[in-house]
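Okay, here's what each chain looks like letter by letter:
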Amino acid sequence: MDANILIAAYLRDSTVRKIVLFSDMQLLVPEFIFEEFEDHLPDLSRRSGLAQADSGDLLDRLRGRFATVPQELVTPRLQEAREAMEEVDPKDAACLACALCVPSDGIWSDDPHMRRQKLVACFTTKELLRKLQREGFPALP
């Protein structure tokens, strides 16, 4: 999963947030994602319109849904990921490396450029929701 999914889940009560909070998927992210997120938290909190207490509660709920993959597992796959993402978006190499270092079905990303790498399947929110609904996840309003 890329960082934009976490940001989308935080900013709006949306399909992304509902999938994160209510699906039974195991969501994996590199361990630095939450550090990076917290660096931007003041701006994200302002953009979300949430009160400070609500903002903290939501972040705690979101954090509880993600398993972080330790950097020492990600690092050995980082060079391969950097090469794959060199012409795509080098900033996303760590997310790709994370998907490469653990068994996964793919990366959840709504960034079209992520599909340009060919090492790991990439699912948009819409595609993921269809897959989940085929597996019994309820339709969302």
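Anyway, here's the lowdown on the structure attached to this text. Given the structure is predicted, the values throughout are model-derived calculations rather than measurements. (Residues numbered from 1 in each chain as written. Predicted model: local features only at pLDDT ≥ 70, side-chain atom pairs only at ≥ 80, totals over all residues. Heavy atoms only, no water.)

Re the overall build of the chain
Heads up, the condition is: Secondary structure is summarised from DSSP: a helix means a run of H or I of at least four residues, a strand means a run of E of at least two, and numbering begins at the N terminus for each. Here the globule rule reads 2.2 Å times residues to the power 0.38, and the radius of gyration is calculated from C-alpha atoms. Think of it in three bands: residues with accessible area under 20% of the maximum for their type are buried, residues over 50% are exposed, and the middle band is partly exposed, with areas taken using a 1.4 Å probe on protein chains only. Working definition of accessibility: Shrake-Rupley area with a 1.4 Å probe, residue cover restricted to the visible protein chains. A residue counts as positive if it is Lys or Arg and as negative if it is Asp or Glu; His and the chain ends are not included. Every charge is mapped to an atom, namely NZ of Lys, CZ of Arg, CG of Asp or CD of Glu.
Counting secondary structure elements, the chain contains eight helices and four strands. Listed N to C, the secondary structure of the chain is α-α-β-α-α-α-β-α-α-β-β-α in terms of helices and strands. Taken against the 2.2 N^0.38 rule, which gives 14 Å for 141 residues, the C-alpha radius of gyration of the chain at 15 Å falls within 12% of a compact globule. Seen through its principal axes, the chain has C-alpha atoms that stretch 40 × 35 × 25 Å. Scored against the burial criterion, the 141 residues of the chain give a buried share of 46%. A total of about 7900 Å² of accessible surface is found on the chain, and carbon and sulfur atoms cover 50% of it. Considering the chain, the positive charge centre built from 18 side chains and the negative charge centre built from 24 side chains are found 7 Å apart.

As for the environment of Val120
This is how it is decided: A contact between two residues is defined here by any heavy atoms of the two lying within 4.5 Å.
With respect to the helices and strands, the residue Val120 is situated in the loop between β3 (107-108) and β4 (122-123). Here Val120 falls in the buried class, since its relative accessible area comes to 13%. Sequence spacing of Val120 and Pro42 is 78 residues, and the spatial spacing of their C-alpha atoms is 33 Å. Sequence-distant contacts of Val120, defined by excluding residues within four places in its chain, comprise Leu96, Ala99, Leu100, Gly106 and Ile107.

Points about the nonpolar core
Selection rule: By nonpolar core is meant a set of buried Ala, Val, Leu, Ile, Met, Phe, Trp, Tyr and Cys residues that side-chain atoms within 4.5 Å join together.
By size, the foremost hydrophobic cluster in this structure holds 30 residues, and its most contacted members are Leu6, Tyr10, Ile19, Val20, Leu62, Phe66 and Trp108. At the level of elements, α1 (3-11), α2 (15-22), β1 (27-30), α3 (32-39), α4 (41-48), α5 (52-65) and α8 (125-134) are the ones that each hand at least two residues to this core. Here this core takes seven residues from α1, the largest share from any one element. Non-local contacts of Tyr10, meaning those with residues more than four positions away in its chain, are made with Arg17, Phe37, Leu41, Leu44, Ser45, Ser48, Leu50, Ser55, Leu58, Leu59 and Leu62. By size, the runner-up hydrophobic cluster in this structure holds 19 residues, among which are Ala81, Met85, Met114 and Cys122.

Concerning the packing of aromatic side chains
Short version of the rule: Stacked, tilted and edge-to-face pairs are distinguished by plane angle, under 30 degrees for stacked and over 60 for edge-to-face with tilted covering the rest, among Phe, Tyr and Trp rings (Trp via its six-membered ring) whose centres lie within 6.5 Å.
Per the stated rule, a full pass over the model turns up two aromatic pairs. Judged by centre distance (5.2 Å) and plane angle (80 degrees), the rings of Tyr10 and Phe37 are edge-to-face. Placement of the pair is Tyr10 in helix α1 and Phe37 in helix α3, with a sequence separation of 27 residues. According to the relative accessible area criterion, Tyr10 is buried, its value standing at 0%. A relative accessible area of 4% means that Phe37 is categorised as buried.

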